Amino acid sequence: MTGQAENSGCGPSRRPRVRDNIQKGAMEFVEQLKSSVQIESVIGEYVRLRKSGANRFTGLCPFHNEKTGSFTVHAAKQFYYCFGCHATGNVVNFVMEMEHVSFFEALKSLSERYGIPMPKRSQYSDEDSKLRAAIHQMHELAQETFRANLNGQPGDAARSYIGRRGLSPETVEQFGLGYSEPSGRALVRLFEQRGFTSGQMEQSGLVGKGEDGSLYGRFRNRLMFPIQNESGKIIAYGGRALSADDKAKYLNSPETPIYKKSQVLYNLHRAKEAIRKEERVILVEGYMDAIGVSSAGFGAVVASCGTALTPQQVQALKRHAPKIAVNFDPDAAGANATERSINLLLQEGMQVRIVELDGGLDPDEYCKQRGAEAYRKRLDMAKGYFFWLADRLRAKHDMHTTEGKVAVLQALLPAVHRISDALERGVIANELAGYIGVDKGMVLDSFRKRAAERHEKALDRPTAAMRPDERMLLSAMFGEAADQMEIIRELRSLESIANFTARRILETVFALNEAGGRVSFEAVNARLEEADQRLLAEAVLREDMEYSAEEVLAALKRVRLSEHQQKTEQLKTRIRELERQGRIGEAMQLMAEQPRPSLIADDASAANRAARRGVQ
């Protein structure tokens, strides 16, 4: 009976096999995906990477704030590691972290991006992944609907507004503008027809629920601006009111499982290539400003969408460029928003300039009325933030008096102290002292008082030292041309590895090899504690070094020689103890077991001749 049940595929005994096959298929696809995509290309879409070796790339870590790049991507090993915050993983892990998605959603994103067919996943999707997938689908349907509305008869008012704002058909197409019809019911009916549940609709941010329990479209009679994540997927909307009766001029999507306001900047997915090329980003306030400036030929522009800038948004910008030109609206609210944002930009180590436009015009209006060349001149004339702030403060105080000058200096110094680099702080402080006519000694006194309070944070590096031959063998074990099995076999025969700094790493390698698993960098790293992951990364990822067979052989000989010498010293110590105890016979027997000095010397000489690159 049991055999019949198994053969027929019925009963509980079949389920584990199905699950195993699904998991096996998923893992096989992961390996196929990793071998088909270049990790440096994927990560390079989010982080500005610089080549630092044959297979190594470095950049600013996207997972923590830093001024000097400690983030390393190793192309051959298909792995990334940050020597500052110790973030680590493969290309799938990176997409999961950057896009805040599940494992299978990251696989889907990569498979779609690189045209690699993905196995059906409906059997193993978790509920959160299914919900996010449904919300993404609803946004795709909404975009089709809004675009159709804009191009059809319902979109007359929206097209009229677009015409008044001077947007070309090409710009409307490029930015995917659309229109939400006044009733708000059409989108709900479409979602219902496609089988989405009321719960999914409410969580999408596109649909609201009335007091009577009825569902309605959140956006009604509005010009629609799709908001995309850094990979270009629509995750939210902003809607501009077209009726004077609407209380809110702009209405934005609420936060949803796929949209976190603090992490998104409008137009970044389009702008990031231009930002890297120019090494500067232009920051404006709203959708129309970003569209207007971009249409004038300045592609490196993003918008904060009227919300306060967040550390996550600043870090996203800093990954692509170190410099930023802030161009908020010229009114008082815009100036205050600029000042609030600057403090955060300075804390994150960005180089900030302020673009000032004359005539009370916002960036979109300025580009249309004065032209691209005039806007370019304003960009080139942009003041450093501190001089912009100094001008604002000078307007509030009597600069003919010592009291006024000191008041301006005291207002400026807290912002100067927020600069993370000590040298840059000192230079700017001295320049400001001259700009406002204050003695530089006052500035130095202020810095002396704050010096004891401020500590520059150094990178957290592993404290355990690894001997050179140990480091070489570990690196060679995961190299391209090394005889991995030979190294494993040789090291496994040694007792002295118990004293190695990397002993737990080697024990993991041995266990994985014994179990028949593939001894890859990723497989070993995944089985280590954090401290040993750091050691492994230090040995294998920090330097892009390939070792010859001769050098590896020399390192193995030195390790064997070291063990040989250690055993000899232990034997001598034991002989001396026996002699002190009067056990001469036992001491003589142990002396006969000692290797001849000439053999040790021969081994040492052979190892040293083989090591031509001075590993020790």
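For clarity, every value in this text was computed on a predicted model and none was experimentally measured. By convention here, each chain's residues receive numbers from 1 onward along its written sequence. The model is predicted, so local features are restricted to residues of pLDDT at least 70 and side-chain atom pairs to those at 80 or more, both for listing and for counting; the totals for chains, interfaces and linings are taken over all residues. Only hydrogens and water are removed before side-chain values are computed, so all heavy atoms of the structure are retained for them.

### What to know about the confidence of the model for the protein chain
Next, step 1: What pLDDT conveys is the predictor's confidence in a given residue, as a value from 0 to 100. For the protein chain, the mean per-residue pLDDT works out to 80, and 80% of the residues sit at or above 70.
Next, step 2: Predicted confidence is poor over residues 1-22, with pLDDT under 50, and the contacts of this stretch with residues over four places away or in other chains come to five contacts.
Next, step 3: We call two residues contacting when some pair of their heavy atoms lies within 4.5 Å. Across residues 455-463, where pLDDT falls below 50, the model places 17 contacts with residues more than four positions away in sequence or in other chains.

### Here we look at the packing of aromatic side chains
Next, step 1: Stacked, tilted and edge-to-face are the three classes assigned to paired rings of Phe, Tyr and Trp, where Trp is represented by its six-membered ring and a pair needs centres within 6.5 Å; plane angles under 30 degrees give stacked, over 60 edge-to-face, the rest tilted. A complete count under the given rule lists 21 aromatic pairs for this structure.
Next, step 2: The interplanar angle of 45 degrees and the centroid separation of 6.4 Å between the aromatic rings of Phe 225 and Tyr 250 together place this pair among those described as tilted. Of this pair, Phe 225 sits in strand E9 (residues 222-228) while Tyr 250 sits in strand E11 (residues 250-252), and the two are 25 residues apart along the sequence.
Next, step 3: Each residue gets one of three labels from its accessible area relative to the maximum for its type: buried under 20%, exposed over 50%, partly exposed in between, using a 1.4 Å probe on protein chains only. Overall, the relative accessible area of 0% leaves Phe 225 in the buried class.
Next, step 4: The exposure class assigned to Tyr 250 is partly exposed, which follows from its relative accessible area of 30%. Secondary structure elements follow DSSP: runs of H or I no shorter than four residues count as helices, runs of E no shorter than two count as strands, and numbering proceeds from the N terminus.

### A few points about the sheet that holds strand E4 (residues 79-82)
Next, step 1: Two strands make a pair as long as DSSP finds a minimum of two bridges between them. Strand order in the open sheet formed by five strands is E1-E2-E3-E4-E5, and the pairing between neighbours is antiparallel. The outermost strands of the open sheet, each flanked by one partner alone, are strand E1 (50-51) and strand E5 (88-89).
Next, step 2: Both strand E3 (residues 71-74) and E4 contribute to a ladder of four bridges, which runs antiparallel. Paired with Thr 72 across the bridge in E4 is Tyr 81.

### What about the side chain of Ser 102?
Next, step 1: Here Ser 102 shows up in the loop between helix H4 (91-99) and helix H5 (103-114).
Next, step 2: Taking relative accessible area as the criterion, Ser 102 reaches 12% and is therefore assigned buried.
Next, step 3: Polar contacts, as used here, are pairs of N or O atoms within 3.5 Å; protein pairs need one atom able to donate a hydrogen and one able to accept it. Residues neighboring in sequence count only if both atoms are side-chain atoms. At 2.7 Å, the side chain of Ser 102 forms a polar contact with the side chain of Ser 129.
Next, step 4: Not counting chain neighbours up to four residues away, the residues in contact with Ser 102 comprise Met 96, Asp 126, Ser 129 and Arg 132.

### Description of the side chain of Glu 99
Next, step 1: Note that Glu 99 resides in helix H4.
Next, step 2: Engagement of the side chain of Glu 99 in a polar contact is seen with the side chain of Arg 113, the distance being 3.3 Å.
Next, step 3: The residues touching Glu 99, leaving out its near neighbours within four places in the chain, are Tyr 46, Ser 109, Arg 113 and Ser 231.

### A closer look at the layout of surface pockets
Next, step 1: A volume near 810 Å³ is recorded for the largest pocket.
Next, step 2: Cavity and pocket criteria rest on a 1 Å grid covering protein atoms alone: a 1.4 Å probe that fits but cannot get out defines a cavity, protein on both sides within 12 Å along at least 5 of 7 lines defines an open pocket, and an atom within 4 Å of a point defines a lining residue. Around the largest pocket, the lining is made up of 37 residues, and of these Met 98, Glu 99, His 100, Asn 229 and Gln 263 lie nearest the centre.
Next, step 3: Of all elements in the fold, only H4, H5, helix H6 (127-151), helix H11 (268-278) and helix H13 (311-318) reach the threshold of two or more residues within the lining of the largest pocket.
Next, step 4: At six residues, the largest contribution of residues to the lining of the largest pocket is made by H6.
Next, step 5: When the residues that make up the lining of the largest pocket are grouped by side-chain class, the tally is 14 nonpolar, 11 polar and 12 charged. Grid points are joined across faces, edges and corners, and a volume is the space filled by probe spheres set on the points. When residue character is reported, Ala, Val, Leu, Ile, Met, Phe, Trp, Tyr, Cys and Pro are called nonpolar, Asp, Glu, Lys and Arg charged, and the others, Gly included, polar.

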